[in-house]
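Spelled out, the chains give:
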Amino acid sequence: SAVISQKPSRDICQRGTSLTIQCQVDSQVTMMFWYRQQPGQSLTLIATANQGSEATYESGFVIDKFPISRPNLTFSTLTVSNMSPEDSSIYLCSATFAGGGGYTFGSGTRLTVV
Amino acid sequence: EDQVTQSPEALRLQEGESSSLNCSYTVSGLRGLFWYRQDPGKGPEFLFTLYSAGEEKEKERLKATLTKKESFLHITAPKPEDSATYLCAVRTTNTGNQFYFGTGTSLTVIP
């Protein structure tokens, strides 16, 4: 089955700084998805990233706060900008693969903002 | 409005004590219901996809079923290694390629 490598696995950051999370997929995919999972809660979709076009953001998420890059069909980054403690969460990337039906997820990035 | 509700929030079982987790959904145009397992500090791991009422899928001690209103994840004779959070998600005609996740059931199996 397909593998998604996500890094960093965790980080502790100062408020006001930015963190870029990377996801590498071992096969080409059209769409990649970025999710946030706040403590004790389920997954909330941040945005959908298509190669060659701007990401599509869900309600409550904006490009200035969560810029996304998708330079090719196997890679994407999510930046969490101007961080505050409320951004402390797990961030996950995912993609769907032909024949798989469901999403495959990266292992997640546990972000703590102090 | 599309809605997915999982119950119970948490479940503690003795090893070997079978039980079921519930995922109730109210959506327009279901295009698939998905079950995932999530271990602490890890991303969700795909388990099953169900597409139509009456469909069943099995994997080891897990069996997923689907009706027009809900899905059950049956766990037969669970072992401590089955301890995890189990998430269900739906894909609908409104969500396109996106999935809408429930809040999960945290399962603890006690030896």
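Predicted, not measured: the structure shown is a model, and the values here were computed from it.

Our next topic: the overall build of chain A. For chain A, the count of helices and strands is zero helices and eleven strands. Going residue by residue from the N terminus, the α and β elements of chain A occur as β-β-β-β-β-β-β-β-β-β-β. Here chain A has a C-alpha radius of gyration of 13 Å; the compact-globule value for 114 residues is 13 Å, and the two agree. Dimensions along the principal axes, computed over C-alpha positions, put chain A at roughly 40 × 25 × 25 Å. Burial statistics for chain A: of 114 residues in total, 49% are counted as buried. When the accessible surface of chain A is summed, it comes to about 5,300 Å², and 48% of that surface belongs to carbon and sulfur atoms.

Another aspect to go through is the pairing of strand E4 (residues 31-37) of chain A. All names here are of chain A. Counting buried residues in E4 gives seven out of seven residues, a clear majority hidden from the surface. With burial as the criterion, each face of E4 is covered, one bearing Met-31, Phe-33, Tyr-35 and Gln-37 and the other bearing Met-32, Trp-34 and Arg-36. Of the pairings in the sheet, the one linking E4 to strand E5 (residues 43-50) comprises seven bridges and is antiparallel in character. Along E5, the bridge assignment pairs Met-31 with Asn-50. Connecting the antiparallel pair E4 and E5 is a turn made up of five residues, with Gly-40 showing a positive phi of about 75 degrees. Relative to strand E9 (residues 89-96), E4 runs antiparallel, the two sharing six bridges. Counted as the bridge partner of Arg-36 is Tyr-91 from E9.

All right, on to the sheet that holds strand E1 (residues 3-7) of chain B then. Residues and elements named next belong to chain B. Ordered by their spatial adjacency, five strands build an open sheet running E1-E3-E8-E7-E6, and the pairing between neighbours is antiparallel. Strand pairing shows two members of the sheet lacking a second neighbour, E1 and strand E6 (56-59), which therefore form its edges. Each adjacent strand pair in this sheet contributes to an overall mean axis angle of 15 degrees, direction not counted. Bridge count between E6 and strand E7 (residues 62-66): four bridges; the pairing is antiparallel. From the neighbouring strand, Glu-58 faces E7, where its bridge partner is Lys-63.

A few words on the side chain of Thr-109 of chain A. Relative to the helices and strands, Thr-109 of chain A is located in strand E11 (residues 109-113). Taking relative accessible area as the criterion, Thr-109 of chain A reaches 0% and is therefore assigned buried.

Rules of the game
- Residues numbered from 1 in each chain as written.
- Chains lettered and ligands numbered in written order.
- Predicted model: local features only at pLDDT ≥ 70, side-chain atom pairs only at ≥ 80, totals over all residues.
- Heavy atoms only, no water.
- Helix = DSSP H or I, 4+ residues; strand = E, 2+ residues; numbered from the N terminus.
- Rg over C-alpha atoms; globule rule 2.2 N^0.38 Å.
- Buried < 20%, exposed > 50% of the residue type's maximum accessible area, 1.4 Å probe, protein only.
- Areas by Shrake-Rupley, 256 points an atom, 1.4 Å probe, with all protein chains shown as cover.
- Pairing = 2+ DSSP bridges.
- Axes fitted to C-alpha atoms, helices over the stretch in contact; angles between N-to-C directions.

Such coordinate-based values are descriptive only and should not be taken to indicate function.
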